[in-house]
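Residues per chain are reported as follows:
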Amino acid sequence: MKHGKKYQDSLKKYDASKKYSVADACKLVKDLHYVKFDETVELSISLHLDKNQTVRDTLVFPHQFSGEKRVLVFCKDDRVQEAKDAGALYAGSTEFIEKVKGGWTDFDVAVATPDMMKDVGRLGMVLGRKGLMPNPKTGTVTNDIAKAVAELKKGRTEYRADKGGVVHIAVGKISMDTEKTAENVNTFLTELDRKKPATAKGDFIRSVSLSSSMGPGVWIDHKDADTKENA
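Owing to the predicted nature of the structure, the values given are computational and were not obtained by experimental measurement. Going along each chain's sequence as written, the residues are numbered from 1 onward. Owing to the predicted nature of the model, reporting of local features is limited to residues with pLDDT of at least 70; listing and counting of side-chain atom pairs is limited to 80 or more, with chain, interface and lining totals taken over all residues. In computing side-chain properties, one takes all heavy atoms of the structure into account and sets aside hydrogens as well as water.

Draft legend 1. The arrangement of the packing of aromatic side chains in detail. Pairing of aromatic rings covers Phe, Tyr and Trp, the last through its six-membered ring, and needs centres within 6.5 Å; plane angles under 30 degrees mean stacked, over 60 mean edge-to-face, and all others mean tilted. Taken as a whole, this structure holds 6 aromatic pairs when the rule is applied. Between Phe 96 and Trp 104, the ring centres sit 5.8 Å apart and the planes meet at 35°, which makes this aromatic pair tilted. Trp 104 shares its class with Phe 96; the two are buried. Relative to Phe 107, the ring of Trp 104 lies with its centre 5.2 Å away and its plane at 50°, an arrangement referred to as tilted. Each member of the pair, Trp 104 as well as Phe 107, carries the same accessibility label: buried. Relative accessible area decides the class of each residue, using a 1.4 Å probe on protein chains only: under 20% of the type maximum gives buried, over 50% gives exposed, and in between gives partly exposed.

Encoded structure:
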């Protein structure tokens, strides 16, 4: 991939081979910012996973940085008002199942009650492709609609390792205080370390890099972050 002059100039401002502390990496990513819009700050973590291992869960960051999520709840008609009272933008059964079948995905996250999953499961071609399929592992298949919607609207974020064992997750905005971004990064590194599969061998976290949407990546000394900044 060929990068522009501003990107190439930003590479000259730091040592791209060096590993930085979380705090220094967050500051550096902000200093390297060169576009006019408020970029998202993204974390990429390479994990040591065997073929039969995976990592997938959700968490709520201490500092929020995205707009309020649009929540769709798949539920029977007698629970529609409960879902809307909890803050869901959309709630219902047949109507929304048919809309999604037609390709409609004008929402950020979907929740389903267990009794709806037989029908919702048939929407895999649409929801699965966009990462919107409700899943018990992430708390989005549940009878506790109020709790699920409340946590999602607070900013509960799903993360998962891809086929290559890499987790990509947004942790902030360039406009945020670097201290807040750093706390979000440390929160996620601590959370991810807890998810190490019991059968995983060797170093679970192979490498960690931080970047803005358009900027170059900065390597993070994750071992230092685990032992010092999360103490």
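Draft legend 2. Spatial organisation of the packing of helix 2 (residues 22-31) against helix 8 (residues 178-194). Where helix 2 contacts helix 8, the two axes come as close as 9 Å, and the packing angle between them is 130°. Comparing the axis directions of helix 2 and helix 8 gives the class oblique. The way helix 2 lies across helix 8 gives a crossing that is right-handed. Listed contacts from helix 8 to Val 22, Ala 23, Cys 26, Lys 27 and Lys 30 of helix 2 are Thr 178, Thr 181, Ala 182, Val 185, Asn 186 and Leu 189. For this classification, Asp, Glu, Lys and Arg are treated as charged, while Ala, Val, Leu, Ile, Met, Phe, Trp, Tyr, Cys and Pro are nonpolar and the rest, including Gly, are polar. Across the contact of helix 2 with helix 8, the residue classes break down as 6 nonpolar, 3 polar and 2 charged. With axes taken as lines fitted to C-alpha atoms, and helix axes fitted only over the stretch in contact, angles between N-to-C directions fall between 0 and 180 degrees. The way it works is that DSSP assigns letters per residue, a run of H or I at least four long becomes a helix, a run of E at least two long becomes a strand, and they are numbered from the N terminus. Note that the term roughly parallel is reserved for angles under 35 degrees, roughly antiparallel for angles over 145, roughly perpendicular for angles of 65 to 115, and oblique for everything else. Left-handed describes a crossing in which the near helix is turned anticlockwise from the far one by less than a right angle; the clockwise case is right-handed. Contact criterion: two residues are considered in contact whenever any of their non-hydrogen atoms come within 4.5 Å of each other.

Draft legend 3. Here's a closer look at the pattern of salt bridges. The term salt bridge refers to a pairing of a side-chain nitrogen on Lys or Arg with a carboxyl oxygen on Asp or Glu at a separation within 4 Å. Tallying each qualifying case throughout the model produces 11 salt bridges. Among the ionic pairs, Glu 158 bridges to Arg 56, the shortest N-O distance being 2.7 Å. You can see Glu 158 sitting in strand 7 (residues 157-160) and its partner Arg 56 sitting in strand 3 (residues 56-59), a full 102 residues away along the chain. Judged by its relative accessible area of 30%, Glu 158 is partly exposed. Here Asp 119 and Arg 122 are joined by a salt bridge, their closest N and O atoms 3.3 Å apart. According to the relative accessible area criterion, Asp 119 is partly exposed, its value standing at 28%.

Draft legend 4. Broad picture of the layout of surface pockets. Put plainly, a pocket is an open set of points on a 1 Å grid over the protein atoms alone with protein on both sides within 12 Å along at least five of seven lines, a cavity is a set where a 1.4 Å probe fits but cannot get out, and a lining residue has an atom within 4 Å of a point. Grid points are joined across faces, edges and corners, and a volume is the space filled by probe spheres set on the points. Of the pockets and cavities examined, the largest pocket occupies roughly 630 Å³. Around the largest pocket sit 29 residues that line it, and Lys 69, Gly 131, Thr 157, Glu 158 and Tyr 159 are the ones nearest its centre. Of all the secondary structure elements, the ones that give two or more residues to the lining of the largest pocket are strand 3, strand 6 (109-112), strand 7 and strand 8 (166-173). For the lining of the largest pocket, the element with the most residues is strand 7, which contributes 4 residues. Looking at the lining of the largest pocket, its residues break down into 11 nonpolar, 10 polar and 8 charged.

Draft legend 5. Structural detail: the side chain of Arg 156. With respect to the helices, strands and loops of the structure, Arg 156 is situated in the loop between helix 7 (145-153) and strand 7. Any pair of nitrogen or oxygen atoms within 3.5 Å is treated as a polar contact; in protein, a donor-acceptor pairing is required on top of that, and neighbouring residues in sequence qualify only through side-chain atoms on both sides. For Arg 156, the side chain forms a polar contact with the main-chain oxygen of Gly 139, separated by 3.5 Å. Not counting the four nearest positions on each side in its chain, Arg 156 is found in contact with Thr 58, Leu 59, Val 60, Lys 69, Thr 138, Gly 139, Thr 140, Ala 148 and Glu 151.

Draft legend 6. Seen up close, the sheet that holds strand 4 (residues 71-74). Here 3 strands make up an open sheet; going across it, the order is 5-4-6 and the pairing parallel. The strands lining the two open edges of the sheet, one partner per strand, are strand 5 (90-92) and strand 6. Pairs of neighbouring strands in the sheet enclose a mean axial angle of 15°, with direction left out of account. Only when DSSP finds a minimum of two bridges between them are two strands counted as paired. Sheet analysis places strand 4 next to strand 5, joined by 3 bridges and oriented parallel. Bridge pairing in strand 5 links Val 73 to Ala 91. Across the sheet, helix 7 is in contact with strand 4 and strand 6; its angle to strand 4 comes to roughly 160°.

Draft legend 7. Spatial organisation of the confidence of the model for the protein. Residues of the protein with pLDDT of at least 70 account for 95%, and the chain-wide mean is 89. Every residue gets a pLDDT, meaning the predictor's confidence in that residue, from 0 to 100. The low-confidence segment residues 226-231 (pLDDT under 50) makes 10 contacts with residues lying over four places distant or belonging to another chain.

Draft legend 8. Here's a closer look at empty space enclosed by the protein. In total, this model carries 1 cavity of 30 Å³ or more according to the counting rule given. The calculated volume of the largest cavity comes to roughly 60 Å³. Taken together, Cys 26, Val 29, Lys 30, Val 41, Lys 173, Ile 174, Met 176, Asp 177, Thr 178 and Thr 181 form the lining of the largest cavity. Sorting the residues of the lining of the largest cavity by element identifies helix 2 and helix 8 as the ones contributing at least two each. Among the elements that make up the lining of the largest cavity, the one with the highest residue count is helix 2 (3 residues). Classifying every residue of the lining of the largest cavity gives 5 nonpolar, 2 polar and 3 charged.

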